[in-house]
Amino acid sequence: MAHFKQPRQQEMARRDQLLRNRLLEAGIQQYVASGTESIYYLSGISYEPLERPFFLLLDAASGKRKLLVPQLEHAHLKQAWNVEEEDVHSYREYPAPAGQRWEDALIPLLCDRFAFDPATPLHHAEFMQSVGGRADDALDRIRMVKSSWEIAKLARAGRYAAEGVNQLLRGVYDGVSVAEGYATGQQLLRRIIREEPDFDPLCTRVLLAPWPAPLSAQPHAIPQLSQRLKDGPHVVISVVRLDGYTAECERTFFTREPTAPQRERFQLMGEARSLAMSMLRPGVACGEIDEKVNDFLQDRSFGDWRLRLHRCGHGLGLGNHEAPWLAQGSADVLQAGMVVSIEPGIYLENEGGYRHSDTLAVTEEGWINLTGQAAVQLEALTIAAAKPAQRMKGYFIRKMVSA
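Residues numbered from 1 in each chain as written. Predicted model: local features only at pLDDT ≥ 70, side-chain atom pairs only at ≥ 80, totals over all residues. Heavy atoms only, no water.

> Mind showing me how you'd approach a negative patch on the surface here?
Taken together, the side chains of Glu 288, Glu 291, Asp 295 and Asp 299 present a region of like negative charge at the surface. Here Glu 291 is to be found in helix H9 (residues 286-298). Residue Glu 291 is classed as partly exposed on the basis of its relative accessible area of 38%. (Patch = residues over 30% accessible without salt bridge, like charges linked within 9 Å, V, L, I, M, F, W, Y side chains within 5 Å. Areas by Shrake-Rupley, 256 points an atom, 1.4 Å probe, with all protein chains shown as cover. Salt bridge = Lys/Arg side-chain N within 4 Å of Asp/Glu carboxyl O. Lys, Arg positive; Asp, Glu negative; His and termini not counted. Charge placed at Lys NZ, Arg CZ, Asp CG, Glu CD. Helix = DSSP H or I, 4+ residues; strand = E, 2+ residues; numbered from the N terminus. Buried < 20%, exposed > 50% of the residue type's maximum accessible area, 1.4 Å probe, protein only.)

Written out as structure tokens, the structure reads:
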């Protein structure tokens, strides 16, 4: 049995009881989790499934747990929270001969009235439906509201994400390459490895890079290492997953003095951001926040969804995109303990994107900004001064990348 420190033991017990209560209320006898985040949330174990599925089975009435894992992972997964050694079952391999497949090993472990989590891969879900199971979002509902223990984890990830933004901005200059930005991300990851005593490489990652204009108008495009930052609004994206929990921080910045129209658009984005934050409190419908922001930008000729591209925000936790969804069409309502991004954007194809993103925890009184250490104002985000030392460093980084 894995050793869990007391606060984490209490957190795991809290999740277990919440899920079992929901299952019993819905008349569900057993819950089968097979998504990596779902199993991590319920057991504390990290793994890389590849093509071999993993299953955690929870009996709602007794709390009894079972694991079904590939044989090669059998010893490793004895570390799972509240799973007895004799309740760790395994199957031979994938693929395997009939009688030794994961399907053959799973069927004897299933109860009559069982449900599985919606994160289950399609092929596995189809099989479980064929033997009487049904999808249920009980676990997703629980995960939406974070405990104080989880918010502390997210706050720590948020501090690293904000520091990543600040660190990258300290090194940029007119003409800096994307490669130099990625190198800054590696520096941040090395710092996390040094500072975090429970560092887990499967549950920790860093994405830190600049999106140069005009590519910054395509927030999900991938910048090339050789691209340079010159005119227009650039966006730095900093996403840090630490001990499983993910926070994001993003900022629009300039490496040349912005023009008057660029200043106006930057200010408009900031006003939309402030409007969204002013509505962030328990009881507010998530769709209403997005609607108000859309109306605000529509009145200023930027409400067209082709200029907005995406919703106002989304939930953060074990996933960097999860419920609740701050989007028109969402049925989610804010509660204290939810953690969301606020990131209304304006995107102009030939100019670039304007977007700040922060990770905020909803409280009874309003919200706490978990990435608030990052620069916000235009003056701090205009990096126009020459940096000879950084240019020399950048030269060597570019040489190593192109070698």
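> How should the sheet that holds strand E9 (residues 245-253) be read in this particular structure?
By way of backbone hydrogen bonds, the strands of a sheet pair with one another, either parallel or antiparallel. With respect to topology, three strands assemble into an open sheet ordered E7-E8-E9, the strand pairing being antiparallel. A single partner strand is all that each edge strand has here, and the edge strands are strand E7 (205-211) and E9. Across the sheet, the mean angle separating the axes of adjacent strands is 5° when strand polarity is ignored. Across seven bridges, the pairing between E7 and strand E8 (residues 234-242) is antiparallel. Within E8, the position partnered with Leu 207 by the bridge is Val 239. Contacting E7, E8 and E9, helix H6 (residues 148-171) crosses the sheet at an angle of about 30° to E9. (Pairing = 2+ DSSP bridges. Axes fitted to C-alpha atoms, helices over the stretch in contact; angles between N-to-C directions. Contact = heavy atoms within 4.5 Å.)

> Which parts of the structure should I look at to understand the environment of Arg 52?
By the element assignment, Arg 52 lies in the loop between helix H2 (36-43) and strand E2 (55-59). Taking the C-alpha atoms as reference points, Arg 52 and Pro 95, separated by 43 residues in sequence, lie 8.6 Å from one another. Filtering out sequence-adjacent residues up to four positions away, Arg 52 remains in contact with Pro 70, Leu 72, Tyr 91, Glu 93 and Tyr 94. Within the structure, Arg 52 has its side chain in polar contact with the side chain of Glu 93 (distance 2.7 Å). (Polar contact = N/O pair within 3.5 Å; in protein donor to acceptor, adjacent residues only side chain to side chain.)

> For this particular structure, what's the right way to read the pairing of strand E15 (residues 358-362)?
Remark: a regular strand shows side chains that alternate across the two faces of the sheet. Extensive coverage of E15 is indicated by the burial of five of its five residues. Burial along E15 is two-sided: Asp 358, Leu 360 and Val 362 and Thr 359 and Ala 361, pointing in opposite directions, are all buried. As paired strands, strand E12 (residues 339-342) and E15 are joined by four bridges and run antiparallel to one another. Paired with Val 339 across the strands is Ala 361, a residue of E15. Linking E15 back to strand E16 (residues 367-369) in an antiparallel pair, the connection comprises four residues.

> Can you walk me through the state of the cysteines in this structure?
Here, disulfide denotes a covalent bond that connects the sulfur atoms of two cysteines. Under the defined criterion, the tally for this structure stands at zero disulfides. Cysteine Cys 286 shares no disulfide, and the gap to the nearest cysteine sulfur, in Cys 312, comes to 9.9 Å. On the basis of relative accessibility, which here comes to 0%, the residue Cys 286 falls in the buried class. (Disulfide = S-S within 2.5 Å.)

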